[in-house]
2 protein chains.
Amino acid sequence: MEVTRTNFKDSLSTVYSAIEEADFLAIDGEFSGISDGPNVSALTNGLDTPEERYMKLKKHSMDFLLFQFGLCTFTYDQAESKYVIKTFNFYIFPKPFNRTSPDTKFICQSSSIDFLASQGFDFNKVFRHGIPYLNQEEEVQLREQYEERRSQSNGSGNPSYISPNSNKGPGSIPEEHREYIGRVVTKVESLFTTSEKTVDLEPCTGFQRKLIYQTLNSKFPKGLHVETLETEKKERYIQISKVDDEERKRRERQKQEREQEELNDAVGFSRVIHAISKSGKLVVGHNMLLDVMHTIHQFYCVLPEDLNDFKEVTQCVFPRLLDTKLMATTQPFKELINITSLAELQKQLKESPFKSPKVVTAEGFPSYDTAQEQLHEAGYDAYITGLCFISMANYLGTFLTPPRAHIPSQSKLIQPFVNKLFLMRIIDIPYLNISGPDLQPKRDHVLYVTFPKEWKTSDLYQLFSAFGNIQVSWIDDTSAFVCLSQTDQVQIAINTSRYAESYRIQTYAEYVQGRRQVRESQGHSTQSWDEDGWVKPHYTSPSTVGAGPTGYSYGHNRPSLGKRCVSPIQEEQPTDGEAQRHADGWSGYTHSHTHSDTGSKKIRTDGKDTHTHTVTHTPTRAARRSGPTGFVYGRMQE
Amino acid sequence: MEVTRTNFKDSLSTVYSAIEEADFLAIDGEFSGISDGPNVSALTNGLDTPEERYMKLKKHSMDFLLFQFGLCTFTYDQAESKYVIKTFNFYIFPKPFNRTSPDTKFICQSSSIDFLASQGFDFNKVFRHGIPYLNQEEEVQLREQYEERRSQSNGSGNPSYISPNSNKGPGSIPEEHREYIGRVVTKVESLFTTSEKTVDLEPCTGFQRKLIYQTLNSKFPKGLHVETLETEKKERYIQISKVDDEERKRRERQKQEREQEELNDAVGFSRVIHAISKSGKLVVGHNMLLDVMHTIHQFYCVLPEDLNDFKEVTQCVFPRLLDTKLMATTQPFKELINITSLAELQKQLKESPFKSPKVVTAEGFPSYDTAQEQLHEAGYDAYITGLCFISMANYLGTFLTPPRAHIPSQSKLIQPFVNKLFLMRIIDIPYLNISGPDLQPKRDHVLYVTFPKEWKTSDLYQLFSAFGNIQVSWIDDTSAFVCLSQTDQVQIAINTSRYAESYRIQTYAEYVQGRRQVRESQGHSTQSWDEDGWVKPHYTSPSTVGAGPTGYSYGHNRPSLGKRCVSPIQEEQPTDGEAQRHADGWSGYTHSHTHSDTGSKKIRTDGKDTHTHTVTHTPTRAARRSGPTGFVYGRMQE
C-alpha cells in the first residue's frame, strides 16, 4: 500500500492495527545518498572499531534524506500455518509546515539518485506528496510556539518583543505606529455601538499585529475575540469579533483543537515510528545499521556523540532488532549461503535445505510477485527481508528434536541474533552489539604502516612478500593496516623495518596508544569528529527521553539491560566449556574472550531432549582476501 | 523544446544554429535550493558590500544543483517586424559517467523543492533523464585519463602502479600472480599456432589486468591487440587478438574515435554554455546574479575567491549580460513599474506606455501561451524575460527623435544597462558592475550598533525614537546597521551613547576600520569565508583559461576592458556636466561620485538630432522602508 501525504491521515488506523496484530515487522529505507565522504573504502576501514565506524557513519551519512520507508507486517495464522502480510510504502518529505518551521536541507548523491532512477523510483511522489515529520525536539518547539501564541492572544504572558531591559510595559507604542493603533481602537469602539458582530482590519505587518493584540487585550480584556487570518493572497489580517464569555471560550476550544490537529499533521510520519517503537515487536532489517541510524536521526533525535548513548537510544526506539545479513553470515547459515546481498540471499533461501515460507497478502493490500522483482522499493525490500528471516528462523527448527516447522519470532532460537547489527567490511568485528559491549579482537597480528604517498597496494605486497598472504586496509594516502597471517611474524617485520627510511611500522597496540595520547593532549576524545559545521547534537539522555515532556513513553518497553555497562567485561560469564565456543560465531579468531553473549547457551526446548547447536567460525580465507588490491567495489548497502 | 539525455545529441545542432542566428538570448535556471544559511535575511544584509554579497552567495548557494536551464533565442525578422523565438528547456543531472568519474553531491532545500513541486516541476525527468556535464577541469582530467590509459596499453609510459622507489621495472610480478600470468602467456603463445583470431580471458582484477598488459607489451611488442571489455554483468575481462600492423592501427583509431565521443557525451550540457559564450550575443536574465554564478560554477570552473576574478571569468563566459530586474528598477522604468518580480513585470509591460512585442514561435517548436502561465519552468521564464527586455528596449526608442519602434539588442540605448547585475536588498548599491569597479556609497549616515541578544527591532526603534525614520539591517543576534535619515544626527547618536552600558554605537567608518584590523591581525583577508570544509577552489586565472589546454577560446570574445582595475577610481572620468548626473541612475544618494560609467554619455543616433536621456534616482521612500520590522518575506529569487 502506497502512503503519501494525501492518504496518510486516513491510512493511519490501518497502519496502527497492522503493527498491533503483527508477530514481527520488517523495515527498509531508501536514502538520497550513502556517504558524502571522499570514497566509501576510505570511510569503511577493515579495522575500524565500532566507535570509529559509528562516528564515520554519523558524520558522513546523516545529511542524506530517508525518503522512502518500507514497512511489512507479518502475522502468523496458526490454523492455516501461514503468514499474512501487510506492506506499506511510505513516501517521506520534510515539507515546511509553516513560515517558522524548519527548512530542512539534505544532500543528494548523484550515484544513489541515478541508481534509484534506474530502478524506476518515483521522485515526483516523494517531493510532491511526501509525508512530513518532526523529531521530538521539533515537536516540543512547535508545541511551545502554539502555547506562546495562545498565551499572547489571551493577554497573559509577556509578549516576546518586549526586551527584558525595557520596563515601559505594554503601553509603549512606537511614535510612528500610534496614529494607526488609535484608528484601530476607534474602529473597535464603534463596533460596540453597532449591530455588526465582526470587523476585519486591513492586512498589516507582524509588528503591527503584535501592537494590536497588546492594545486590545489591555483596553478590552473581555468581550472580544481577536484572531489572525489569511487572505487568499496569503496576507495576514486581524479579525475582531464581539462575543460573550461562553462564545469566546467555545472559539478558543475550537482553535485549540485545530492547532492539535495541525501539530499531529506536522509530526506526520514520526507517529508511525512511535507506533513501531511502542509495540515492542521484533523489527527485522537487512544490513540495517544505516536504516536504524537514519530512522532515529530523522524521526526521533539528533544522533548522540557517544556510541553507548546511541545504543541506549536505539533500545528505546527499537527494543528488539534483527539483521538478516548478520544472521546469514553467522553459523549455521554461513556455510550454506555464499552471497548475502538481499536479492541473492532470497534466491538461496528458496533452495534446499531452506524452505520458502507460506505467505499470503492480507485482503485489500496489493500483493508483490517475487518472480517479478521490484528490489529497491522500500516496501518490497522489507517484504523480502521478512521472508528471508522466516526461512532462516524455520531452518533453526530443524535442529530441534523433534524438528519444528514453524519458529516464531519470540523463540529463544532467535535470541542469539537479536540486537546485533551487521558491520560492513570490518575484518574481525562482524556486528555492532546494541544490547551490550562490543567484541574486542586482539589485533596482535596487525601492523600500522606509514609510507610515501606514491605507494600503492602492490608496494605493500612487495614489502611484505616474505610473509606470505597479507591483507591491506588503507587508512589514507600515506598509511594502512597490514594484517599478517601469523602473529609471530610481527616482531620480525618490525625488526627488519628498524632502519628503513621511506616507511615505518608500528604494532596495532602502539598505534592505538599513540592515537590515545594525541587525543588526550588535545583535551577531547571524540570531539575531533565534530569540527566542521555539523548541526550540534541536542541529545537528551535517554533516561529523560523515556519520560520526556512530549508524552512519548518508550521507557516501559526498554529491556532490563537498559543500564549502560561501564565495564565491557562482566555480566553473564560463560559457565561451561560448551559456551566458550561462543555460539554466535566469532570466537575462533583473534578477539579477546572476555565478552558476554547470551547466544552461547545450550538450546533447550520444551524441557525435552537437548540438542546442542554450536556455531563457531573463523573468518574465512574469503573474508581475509576481500581487499587484496585495495579496491572495494559495490554499493555500500547491499 | 524539452531536451533531456535521450535527445540531447540529436538536438545539439538545432541548439547551435538557434544561438548562431539569434539577435539575443534569454536564459533562466531552476535550482535545488537558494541558500543553505540560517535564514535569507541574515545572508542578505542591506549594507553588504558587493564583495561581501558575492562571498555569501558563493559560500551558501553554490552547493545546490542547477537542474533546469531555460534558453530562449530571439531572432528579429526585419521584413515582418517581429521576433521569431526558439525555446529550449534543458534538464540537467550529473549522472556519474563511469566508475572513476566524480560522484557529485548537491544540497536540496525543502522549501525550494516544495515550491517547484507545487508548480508541477518534473523531478523524474531531471533525475532519470538529465543531461550530464563536466566543468573545464573535469574535462581535462577525463581527457588525461583516456590518454594515460592509451599510452599504458601501447606499452609506452610508466604504468602508474610502479612506485618511484621500485627499480625492478615491469618484469617484477608479485609471487602470488606469477603462475596466473604464466598461464596467460601460454594461452597467447598457443593463439599464434592456431587459426583462432582472438582469445577472451576470464574476468580478473584491475591489478591482474595491469600485469597482463605489462607482460604482453614486453613479450609481444607487435602483432597483438589487447583490450579490456565488459561482460553483461559489468565484469571486466581482457580480449587478445592477433592482428597485423594495419589492423592494429585501424582498431586503435576506432577506439580513439569512440573515446572522443564518450568524452563529448560526458562534457554534455557544458557544450551549450560554450556555444552561448562563443557567440558573444547579449544574454538577458531576470535577477540573474545567481543564474550566472551557478552556470559558471557548474559548467565552467569553481568560482574564484576574489570578486574581481569572478568579474573577469564572467566576462569570459558571458561577454554581454543584461538583467531585466535591474533595468526595470532603473530610470526611466523605475517610475513606471511598481513591482519587479518577473510575473508582475510582464503584466505591467503589457500596459501603456509599453507595448507587447510581436513574437512568433519558430516552426517545429512548441509555443507558450502567456495567458496560461507556466512560470518557474526555466524555458518559459527565459521566454518571458526576453519579452520584458524587448518591451523595455523598445520603450527607450520613444525618446528618440524621430521615435523608433524597434530597438535592436546591439543599440547604444541598451548599453547603460549592460553588465550590471541586480543586487537584492542592498540599500545603496543597486547592481554588481561586471565590467568595472562597483559603486562606493559613503554610508556616513550609517551606525553600527551592538546590543544584548534579547533585543528586537522594536528596541532599536525605541533607542533611536528621537531621530525620526530609521532603517534597520540586522547583521546577527547582537548587532545591526541603523541608517539615520540625516547624516548630522550621527554625532548626536554617538554622543548620547557614550555612557550606555547595554549597547554600543560606532560609525560605519569605524566599523569597517575595525574589521580590517581584525582581518589583518589574522593574516588573511577573504580566507575567513572558507573555513568550513568547502571544496577548495581550483581556480585557474582567466588569462590562462582563455587559451587553456582544453581548446576553448573564450579569449577572443573578451571586451577590451578585460584588465583588472587595481584602483577603483580612474578610467573614463566623466568629462562634462551632463555626465555627472550619472545616467545609470544611482548618483543622487550617498555613494561617492568617483565611479565611471559608460552609460553616462549622451545618446546620439544616426548622427541626427541628439536627445539627451538622463536617468537619475534617489532610493525611494519605499526602498528605505523595505525592512522596518527586520522581517524579510518572499523568495530570494523573484
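Residues numbered from 1 in each chain as written. Chains lettered and ligands numbered in written order. Predicted model: local features only at pLDDT ≥ 70, side-chain atom pairs only at ≥ 80, totals over all residues. Heavy atoms only, no water.

Here the focus is the overall build of chain A. Of regular secondary structure, chain A possesses 21 helices and 17 strands. Looking at chain A residue by residue over its 638 residues, the buried ones come to 53%. Residue pairs at least 24 apart in sequence account for 74% of intrachain contacts in chain A once pairs closer than 6 positions are excluded. As presented, chain A carries roughly 29,000 Å² of accessible surface, and 48% of it is formed by carbon and sulfur atoms. (Helix = DSSP H or I, 4+ residues; strand = E, 2+ residues; numbered from the N terminus. Buried < 20%, exposed > 50% of the residue type's maximum accessible area, 1.4 Å probe, protein only. Contact = heavy atoms within 4.5 Å. Areas by Shrake-Rupley, 256 points an atom, 1.4 Å probe, with all protein chains shown as cover.)

Let us now look at helix 3 (residues 50–61) of chain B. All names here are of chain B. Between its first and last C-alpha, helix 3 extends 16 Å over 12 residues, near the 16 Å set by a 1.5 Å rise per residue. In terms of burial, helix 3 is largely enclosed, as 11 of its 12 residues are buried. By the burial criterion, the buried members of helix 3 are Pro50, Glu52, Arg53, Tyr54, Met55, Lys56, Leu57, Lys58, Lys59, His60 and Ser61. (Expected span 1.5 Å × (residues − 1).)

Our next topic: the packing of aromatic side chains. All told, the structure shown has 72 aromatic pairs over all chains when counted by the stated rule. The interplanar angle of 70 degrees and the centroid separation of 4.9 Å between the aromatic rings of Phe24 of chain A and Phe389 of chain A together place this pair among those described as edge-to-face. Separated by 365 residues along the polypeptide, Phe24 of chain A in strand 2 (residues 24–31) and Phe389 of chain A in helix 15 (residues 378–397) bring together distant segments of the chain. Grouping residues by exposure puts Phe24 of chain A and Phe389 of chain A together as buried. Relative to Phe90 of chain B, the ring of Phe88 of chain B lies with its centre 5.9 Å away and its plane at 15 degrees, an arrangement referred to as stacked. Each member of the pair, Phe88 of chain B as well as Phe90 of chain B, is classed as buried. We note Lys420 of chain A situated over the ring of Tyr431 of chain A; from NZ or CZ to the ring centre the distance is 5.5 Å. (Phe/Tyr/Trp six-rings, centres within 6.5 Å; stacked < 30°, edge-to-face > 60°. Lys NZ or Arg CZ within 6 Å of the ring centre and 35° of its normal.)

Residue and element names in this part refer to chain B. Every second residue of strand 9 (residues 282–285) is oriented toward a common face, with Leu282 and Val284 on one face and Val283 and Gly285 on the other, all of them buried. With three bridges connecting them, strand 2 (residues 24–31) and strand 9 associate as parallel partners. Looking across to strand 9, one finds that Leu25 is bridged to Val283. For strand 9 and strand 10 (residues 320–323), the ladder comprises four bridges, and the chain directions are parallel. Counterpart to Val283 in the pairing with strand 10 is Leu321. (Pairing = 2+ DSSP bridges.)

Now for the UniProt feature "domain: R3H" (unreviewed entry) in chain A. The UniProt record annotates "domain: R3H" (unreviewed entry) at residues 175–244 of chain A. End-to-end, the C-alpha atoms of residues 175–244 of chain A are 33 Å apart, and along that stretch the chain is 44% helix and 24% strand. (UniProt positions renumbered as here; feature names shortened; annotations may be inferred.)

A few words now on the nonpolar core. The biggest cluster of nonpolar side chains holds 145 residues, and the ones touching the most others in it are Phe90 and Phe310 of chain A together with Phe90 and Phe310 of chain B. The contacts of Phe90 of chain B, once residues within four sequence positions are left out, are Val3, Val15, Phe67, Gln68, Phe69, Leu71, Ile131, Phe269 and Val272 of chain B. (Core = buried A, V, L, I, M, F, W, Y, C linked by side-chain atoms within 4.5 Å.)

Moving on, we get to the packing of helix 7 (residues 175–191) of chain A against helix 8 (residues 206–219) of chain A. Any two packed helices are characterised by how steeply their axes cross, that is the angle between the axes, and by the distance between the axes. All names here are of chain A. Taken N-terminus to C-terminus, the directions of helix 7 and helix 8 make an angle of 50 degrees; their axes are 10 Å apart at the nearest point. If you check the angle between helix 7 and helix 8, you find them oblique. Judged by the twist between their axes, the crossing of helix 7 over helix 8 is right-handed. In contact with His177, Tyr180, Ile181, Val184, Val185 and Val188 of helix 7, helix 8 contributes Phe207, Gln208, Leu211, Ile212, Thr215, Leu216 and Lys219. (Axes fitted to C-alpha atoms, helices over the stretch in contact; angles between N-to-C directions. Parallel < 35°, antiparallel > 145°, perpendicular 65-115°, else oblique. Left-handed = near helix turned anticlockwise from the far one by under 90°.)

To continue, consider the packing of helix 3 of chain B against helix 11 (residues 289–299) of chain B. Residue and element names in this part refer to chain B. Between helix 3 and helix 11, whose axes approach to 11 Å, the crossing angle comes to 60 degrees. In terms of axis orientation, helix 3 runs oblique to helix 11. Between helix 3 and helix 11 the crossing geometry is right-handed. Each of Tyr54, Leu57, Lys58 and Ser61 in helix 3 lies in contact with helix 11, whose residues at this interface are Leu289, Leu290, Met293 and His294. Each residue belonging to the contact of helix 3 with helix 11 can be placed in one class, and the counts come to five nonpolar, two polar and one charged. (Nonpolar A, V, L, I, M, F, W, Y, C, P; charged D, E, K, R; others polar.)

All names here are of chain A. Pairing is antiparallel across the open sheet formed by three strands, whose spatial order is 6-8-7. Of all strands in the sheet, those with a lone pairing partner are strand 6 (198–200) and strand 7 (224–230), marking the two edges. Strand after strand, the sheet turns through a mean of 20 degrees between neighbouring axes, direction not considered. Pairing between strand 6 and strand 8 (residues 236–242): three bridges, direction antiparallel. Bridge pairing links Thr198 to Ser241 in strand 8.

Residues and elements named next belong to chain A. According to the stated counting rule, one finds 40 salt bridges over all chains in the structure shown. Linking Lys347 and Glu344 is a salt bridge whose minimum nitrogen-to-oxygen distance equals 3.4 Å. Highlighted residues: Lys347 and Glu344, both in helix 14 (residues 342–348), separated by three residues, approximately one helical turn. Owing to a relative accessible area of 41%, Lys347 belongs among the partly exposed residues under this scheme. When its relative accessible area of 27% is taken as the criterion, Glu344 is described as partly exposed. (Salt bridge = Lys/Arg side-chain N within 4 Å of Asp/Glu carboxyl O.)

Okay, the sheet that holds strand 16 (residues 479–484) of chain B next. Residue and element names in this part refer to chain B. As summarised here, the arrangement of the four strands in space is 15-16-14-17, forming an open sheet in which the pairing is antiparallel. Each end of this open sheet is capped by a strand with a single partner; those strands are strand 15 (470–476) and strand 17 (504–507). Each strand axis lies, on average, 25 degrees off the axis of its neighbour in the sheet, ignoring direction. Both strand 14 (residues 446–450) and strand 17 contribute to a ladder of four bridges, which runs antiparallel.

Our focus in this paragraph is the side chain of Lys311 of chain A. Residue and element names in this part refer to chain A. Take Lys311: it is sitting in helix 12 (residues 307–317). Look at Lys311 and you get buried, because its relative accessible area is 5%. Excluding anything up to four places from it in sequence, Lys311 contacts Leu432, Asn433, Ile434, Gly436, Pro437 and Asp438.

What follows deals with unusual backbone geometry. All names here are of chain A. Of the consecutive residues Gln331 and Pro332, the connecting peptide bond is found in the cis state with omega at 5 degrees. With respect to the helices and strands, Pro332 occurs in the loop between helix 13 (324–328) and helix 14. Of note, the amide linkage connecting Thr401 to Pro402 takes the cis form, showing an omega dihedral of -5 degrees. Tracing the backbone through its elements, the reader meets Pro402 in the loop between helix 15 and strand 12 (420–422). Positioned with a positive phi, Ser81 is a non-glycine residue whose angle comes to about 50 degrees. Structurally, Ser81 is set in the loop between strand 3 (66–77) and strand 4 (82–91).

Below, the discussion takes up helix 8 of chain A. Because an α-helix packs 3.6 residues into every turn, residues spaced three or four apart end up facing the same way. All names here are of chain A. Compared with the 20 Å implied by 1.5 Å per residue over 14 residues, the 20 Å span of helix 8 between its first and last C-alpha is a close match. In terms of burial, helix 8 is largely enclosed, as 10 of its 14 residues are buried. Buried residues of helix 8: Gly206, Phe207, Gln208, Arg209, Leu211, Ile212, Tyr213, Gln214, Thr215 and Leu216, and no others.

Residues and elements named next belong to chain A. Both strand 7 and strand 8 contribute to a ladder of seven bridges, which runs antiparallel. The partner of Glu227 across the bridge, within strand 8, is Gln239. Where strand 7 folds back on strand 8, the antiparallel hairpin that results is connected by five residues, among which Lys234 adopts a positive phi of roughly 65 degrees.

On to the environment of Asp438 of chain B, then. All names here are of chain B. With respect to the helices and strands, the residue Asp438 is situated in the loop between strand 13 (431–433) and strand 14. Residue Asp438 is classed as buried on the basis of its relative accessible area, which comes to 10%. It is 26 Å that separates the C-alpha atoms of Asp438 and Gly386, two residues lying 52 residues apart in sequence. Here Asp438 is in contact with Pro50, Leu307, Lys311, Tyr431, Leu432 and Asn433, once residues within four sequence places are set aside. Looking at Asp438, its side chain comes within polar contact range of the main-chain nitrogen of Asn433, at 2.7 Å. (Polar contact = N/O pair within 3.5 Å; in protein donor to acceptor, adjacent residues only side chain to side chain.)

In regions of low pLDDT, the predicted coordinates are not meant to be interpreted in detail. Residue and element names in this part refer to chain A. Across chain A, pLDDT averages 78, with 77% of residues at or above 70. Here residues 155–170 is modelled with pLDDT under 50, and outside its nearest four sequence neighbours on either side it reaches 22 contacts, counting other chains as well. Low pLDDT, under 50, characterises residues 525–638; the stretch is placed with 201 contacts to residues that sit more than four places away or in other chains. Across the whole predicted complex the pTM is 0.75, and at the interface the ipTM reaches 0.74. (pLDDT = per-residue confidence, 0-100.)

Moving on: the state of the cysteines. A covalent bond between the sulfur atoms of two cysteines is referred to as a disulfide. Under the definition given, this model contains zero disulfides over all chains. Here Cys72 of chain A is not cross-linked by a disulfide; its sulfur's nearest cysteine counterpart is in Cys388 of chain A, at 12 Å. (Disulfide = S-S within 2.5 Å.)

Here we take up the side chain of Ser112 of chain A. All names here are of chain A. Relative to the elements of secondary structure, Ser112 occurs in helix 4 (residues 110–118). Residue Ser112 is classed as buried on the basis of its relative accessible area of 8%. Discounting chain neighbours no more than four positions away, the residues touching Ser112 are Ser32, Gly33 and Ile34.

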